[in-house]
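Residue-level structure breakdown
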Amino acid sequence: MTEQKPVLRLEGIVKTFPGVRALDGVDFDVRPGEVHALMGENGAGKSTLMKVLAGMHQPNEGRILIDDKPVVMTNPIAAKENGVILIHQELSLAEEMTVAENVFLGELPRKRFGLVDWKTLDDRVGTILKQLNCDFGPRTRIGSLSIAKKQMCEIARALTHSAKVVVFDEPTASLTDSEKVVLFDIIKDLQKDGVGIIYISHRMEETFKITDRISVLRDGAYRGTLNTAETTEDEVTHLMIGRTLDTSNGTNVSNRGEVKLSVRNLSCGNLFHDISFDVHAGEIVGFYGLVGAGRTEIAETLFGLRRHSHGQIMLDGKEVTINSPVEAIANGISLVPESRKEQGLVLGMNCRDNMTLPQISDLTQGPFVSGGAEVDIYKDYQKRLEIKAPSWRSIVGNLSGGNQQKIVIGKWLSMKPKVLIVDEPTRGIDVGSKSEIHNLLRELAGQGYAIIVISSEMPEVLRVSDRIVAMYSGRIMRTFSAAEVTEDSLIHAISGLGGTDAAA
Ligand SMILES: Nc1ncnc2c1ncn2[C@@H]1O[C@H](COP(=O)(O)OP(=O)(O)OP(=O)(O)O)[C@@H](O)[C@H]1O
Ligand SMILES: [Mg+2]
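Read on for a plain summary of the structure.

Conventions adopted
Residues numbered from 1 in each chain as written. Chains lettered and ligands numbered in written order. Predicted model: local features only at pLDDT ≥ 70, side-chain atom pairs only at ≥ 80, totals over all residues. Heavy atoms only, no water. Phe/Tyr/Trp six-rings, centres within 6.5 Å; stacked < 30°, edge-to-face > 60°. Helix = DSSP H or I, 4+ residues; strand = E, 2+ residues; numbered from the N terminus. Buried < 20%, exposed > 50% of the residue type's maximum accessible area, 1.4 Å probe, protein only. Pairing = 2+ DSSP bridges. Axes fitted to C-alpha atoms, helices over the stretch in contact; angles between N-to-C directions. Contact = heavy atoms within 4.5 Å. Near = heavy atom within 4 Å. Polar contact = N/O pair within 3.5 Å; in protein donor to acceptor, adjacent residues only side chain to side chain. Areas by Shrake-Rupley, 256 points an atom, 1.4 Å probe, with all protein chains shown as cover.

Here we come to the packing of aromatic side chains. Describing an aromatic ring pair means giving the distance of the ring centres and the angle of the ring planes. Evaluation of the coordinates by the stated rule reveals 2 aromatic pairs. Between Phe303 and Trp412, the aromatic rings sit 6.0 Å apart at their centres with planes inclined by 90 degrees, giving edge-to-face as the arrangement. Of this pair, Phe303 sits in the loop between helix 9 (295–302) and strand 14 (310–315) while Trp412 sits in helix 15 (residues 401–413), and the two are 109 residues apart along the sequence. Look at Trp412 and you get buried, because its relative accessible area is 9%.

Listed below in C-alpha cells is the structure:
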C-alpha cells in the first residue's frame, strides 16, 4: 500500500485540567480511507484528545492540521465546517426534539422569510435514514428511541456534512450483534468514500477486525502506532498497560458452600419461563446468551424491579418476597446494573459520596457522622479497582467513562452482599482493569459470596464462572460445569439448537 498523506494531523497536543495533565504532548494522524484505532486504559486521555479535535476543549499547546493546513477548532461548529465529526461516548442528542431537528441542529434548511423548510428537511433526513437502514422516520422523537437508534441519528448527523474525519468514541458499548454489523458496514462505506475514521474501543477483537492502524495512549502520553496486520493483542496490551496479562481460564476451584440462592420455576410474562437454578456460597454462576435472551430480566426480578408471575425465590432455604430494590438489599441481594450511568451515579457528586451512597445510613448510625469511614471505604476500592481520580473529592462527571463505571461497581461491592448480581461487569472497561475485576469477583467468591455474572462476552463467562447457564429466548437451554464446557457447545446452546436439558 502506498502511504497516503494524512488528512488530519495532531501535533504535540497538551491539555490540562485542574490537578490533571490529561494530554501530554500527543501526536496522532489519520489517512483518508483508513480506520485508525485509538486505545488506552480508562482515563488515558482518548476522549479528551477527541474533544480537543472536535472543538469542545481548547488545547493548552499543540496544533491541528487538516490537509496540511493548521486550523483552530474554536467550537464544535468550526470543527464540523472543517470536516471533523465526533460521535460521542455519551450521546448528545436533544431528547425532546425529532430526529430531523437533531440531525440538522442549528442549521435547519430555511425558506424565504426565514421559515423552516420542513418538507426539504424531512426529505433529506428520510433519505439518509434509509441509507442507514433505519426503521424510524424523520419525525420520530429522539427520546423514544433505543440507544442504538440514537447512535444512528448521530451517524446520520455526520453524513449530512461532507465529513473528512469521523470519530467513533466507544460506539459498540451498548449495541447488539446485529446493530454492530450495521455499524461496521457504515464504517466501510465511509472508508470507500475516502473518509478517515478514528475508532475508540476497549474490545480487542473488533479493533483487530476493522482497523488498519492502532495508536496507544498511556497516562496522557503517546506510546506509539502499530499496523494492525503486523501486531498482536499482547503487544497492544503491553503498550497500553506496560505489562502482559494472564488471561488464561483460571482453574476455578471454589470452596462451594451451602446453597445461598435458589430459584424454582420462575416465570415472568413472555420475558422468561420456568427458570430454575441454584447459586452456592463461594461460587460464580455465569449467565450467557444473546441480547434479549432474558438474562437481565431475571436479574431485575431477583432485585425487585419486576414481578414474577410464577415460581419461588429462596434465600438460605427460606422463601422470600422481593417487591422492591429496598427489600432485595435488606435480604442481601445486590445488583450492579447494565446501564450504570443512568441507574448508578449522581454525576454532580464527588467520588466518595457516589460510592458510599447506599450505606450512608449504616455509617451514620450513632453519635458521629463518620465521613472518615466513608473515605476509607472509597480509598480501599479505589486501590482495588485502580480507579483513576485525582482525589475522593473529584466530581464523578469529570472522570473518564470507564472510571465512572468502576465507581458504581465499587459501590455495590463495598456493601458486601450475600448474593451479588453483576450485569455486564466490564462493559467499557479497559483490558487491565477487566482482569482486575475478574480477579476481584473470584476473590469475592473465595470469601463465600454467591455471585451471578451476566455477560455477552464468551471469554468473560468462561474465565470467571464455576458453572454456566446458557439461555435462549427466555429459557434455560443447558447448564455447564466449568470442566465440561467448550466454546462450541456453548454457542450451540445459546442459539436455541438442540433443545433444553430436559428435552435432551
Ligand atoms: N472536564 C474535565 N475536568 C477535569 N478532568 C477531566 C475532564 N475531562 C477529563 N478529565 C480527566 O482527564 C483524564 C482523561 O480522561 P478521558 O475521558 O480522556 O479518558 P479516556 O481515555 O476516554 O477513558 P475511558 O476509556 O474510561 O473513556 C482523566 O483523568 C479524567 O478524569
Ligand atoms: Mg472515553
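So, on to the sheet that holds strand 3 (residues 35–39). Strand-to-strand pairing in sheets goes through backbone hydrogen bonds, with the strands running parallel or antiparallel. Spatially, 6 strands are ordered 6-7-8-3-9-10 in an open sheet, and the strand pairing comes out mixed. What marks the edges here is a single partner per strand, and that holds for strand 6 (84–87) and strand 10 (221–227). Pairwise comparison of adjacent strand axes, ignoring direction, gives a mean angle of 20 degrees for this sheet. Relative to strand 9 (residues 213–218), strand 3 runs parallel, the two sharing 4 bridges. Opposite Leu38, over in strand 9, you have Ser215 as the bridge partner. Lying on the sheet, helix 6 (residues 177–192) is in contact with strand 3, strand 7 (165–169) and strand 8 (196–200); it crosses strand 8 at an angle near 150 degrees.

A separate point is the sheet that holds strand 14. Taking strand neighbours across the sheet as the criterion, the 4 strands line up as 12-11-14-15 in an open arrangement whose pairing is antiparallel. Edge positions in the open sheet fall to strand 12 (272–280) and strand 15 (318–319), since each of these has one partner strand only. In the packing of helix 9 onto the sheet, the strands contacted are strand 11 (259–268), strand 12 and strand 14, and the crossing angle to strand 12 comes to about 65 degrees.

Residues in close proximity to ligand 1 total 19 residues, the closest being Gly43, Lys46, Thr48, Ser400 and Gly402. Gly45 has a polar backbone atom sitting 2.9 Å from an oxygen atom of ligand 1. Take Thr48: an N or O atom from its side chain is 2.6 Å from an oxygen atom of ligand 1. For ligand 1, whose accessible area on its own is 630 Å², the fraction buried by protein is 88%.

For strand 13 (residues 284–288), the buried fraction is high: 5 of the 5 residues fall into the buried class. Neither face of strand 13 is open: one carries Ile284, Gly286 and Tyr288, the other Val285 and Phe287, and all of them are buried. Summarising the sheet, strand 13 and strand 18 (residues 450–455) pair through 5 bridges and their orientation is parallel. When the bridges of strand 18 are listed, Gly286 appears paired with Val453.

Attention now moves to the pairing of strand 16 (residues 333–336). Remember that side chains alternate between the two faces of the sheet whenever the strand is regular. What you see with strand 16 is no split at all: Ile333 and Leu335 on one side and Ser334 and Val336 on the other are buried throughout. Note: strand 16 against strand 17 (residues 419–423), 4 bridges, orientation parallel. For Val336, the partnering residue across the bridge sits in strand 17 and is Val422.

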